[in-house]
Amino acid sequence: MPDLIHNLEAVRQRIAAAAQAAGRDARSVTLLAVSKTFPADDVRAAHAAGQRAFGENYVQESLAKIESLADLRASLEWHFIGPLQSNKTRPVAEQFDWVHSVDRLKIAQRLSEQRPDHLPPLNVCLQVNVSGETSKSGVSIPEAVEVAQQIAALPKLNLRGLMSIPEPAGDLDAQRAPHRQLRELFERLCNDGLELDTLSMGMSSDLEAAVLEGATIVRVGTAIFGARDYAR
Ligand SMILES: *Cc1c(COP(=O)(O)O)cnc(C)c1O
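As recorded by an unreviewed UniProt entry, the protein carries the name Pyridoxal phosphate homeostasis protein and is attributed to Paraburkholderia ginsengisoli. Turning to the protein, the UniProt annotation filed under Function (unreviewed entry) states: "Pyridoxal 5'-phosphate (PLP)-binding protein, which is involved in PLP homeostasis." According to the UniProt record, the Sequence similarities (unreviewed entry) comment for the protein is "Belongs to the pyridoxal phosphate-binding protein YggS/PROSC family."

The following block contains the structure:
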């Protein structure tokens with residue numbers, strides 16, 4: 001899969017250039033390779049090229065993939081980033097290292113209750129619906145303050161930060177605006193006493209804008225694996 005390896009390197013260079021422009025250490029930005037709809041073999045190839053963190057959106061698909069990559073489990077980090085229904089939380093609590101898409105307290109409570117005792121707390125981000133967001137998922141900015149405090153108190157979760165999926169925008173300034181709003185909310189929550197270290201924002205088309213606004217995890221699918229074919 002030479003394309004994949006080439007793409008991965010190109011994305012790493014985009015992150016490095018954006019970090020440099022922002023005066024940040026490129027190592028402060030983690031690349032999450034979003035492998036949804038792509039086969040386990042692609043994950044294996046990316047892993048062989050040094051990629052460790054992978055993002056998945058669909059419970060059934062991801063469980064099959066995690067299973068077929070069980071031999072690599074100790075050196076893979078699985079991040080659930082898709083919409084999560086409350087009747088599907090258990091396998092996610094059992095199999096994943098992170099959930100970025102916690103968008104209400106009930107989901108967080110279930111994940112905490114269902115996280116197995118022998119595993120470390122599940123890392124989670126609160127998904128925030130910044131203005132004009134495409135996806136309807138996520139708490140509003142005013143709601144986020146209270147919900148974040150409630151999630152932070154759950155025993156088997158480690159609230160790491162915030163996540164958002166802004167509306168696609170054309171130019172850099174328009175792309176930066178919603179990322180800036182998320183960062184400002186993040187700073188407010190930190191000032192309120194929450195110990196957060198993660199801003200999960202930026203995808204294939206806007207990762208530079210996100211890194212300039214302080215993203216610590218960028219979630220990149222298309223630019224690494226190519227266009228998705230949902231019929232597959
Ligand atoms: C699919 C997806 C991505 C990756 O999007 P690309 O545009 O392919 O990079 C990132 N985040 C979430 C939540 C996604 O569902």
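(A) Expanded view of the environment of Pro-142. Topologically, Pro-142 is positioned in helix H6 (residues 141-152). Under the relative-accessibility criterion, Pro-142 is labelled exposed at 67%. The spacing of Pro-142 and Val-128 is 14 residues in sequence and 9.9 Å in space, taken between C-alpha atoms.

(B) Spotlight on the nonpolar core. If you look at the biggest cluster of nonpolar residues, it comprises 61 residues, and the most contacted ones within it are Leu-111, Leu-126 and Val-218. With six residues, the top contributor of residues to this core is helix H1 (residues 2-21). Judged by nonpolar contacts, the second largest core, of eight residues, contains Leu-32, Ala-53, Ile-81 and Ile-217.

Here is what the cut-offs are and how they apply
Residues numbered from 1 in each chain as written. Predicted model: local features only at pLDDT ≥ 70, side-chain atom pairs only at ≥ 80, totals over all residues. Heavy atoms only, no water. UniProt positions renumbered as here; feature names shortened; annotations may be inferred. Helix = DSSP H or I, 4+ residues; strand = E, 2+ residues; numbered from the N terminus. Buried < 20%, exposed > 50% of the residue type's maximum accessible area, 1.4 Å probe, protein only. Core = buried A, V, L, I, M, F, W, Y, C linked by side-chain atoms within 4.5 Å.

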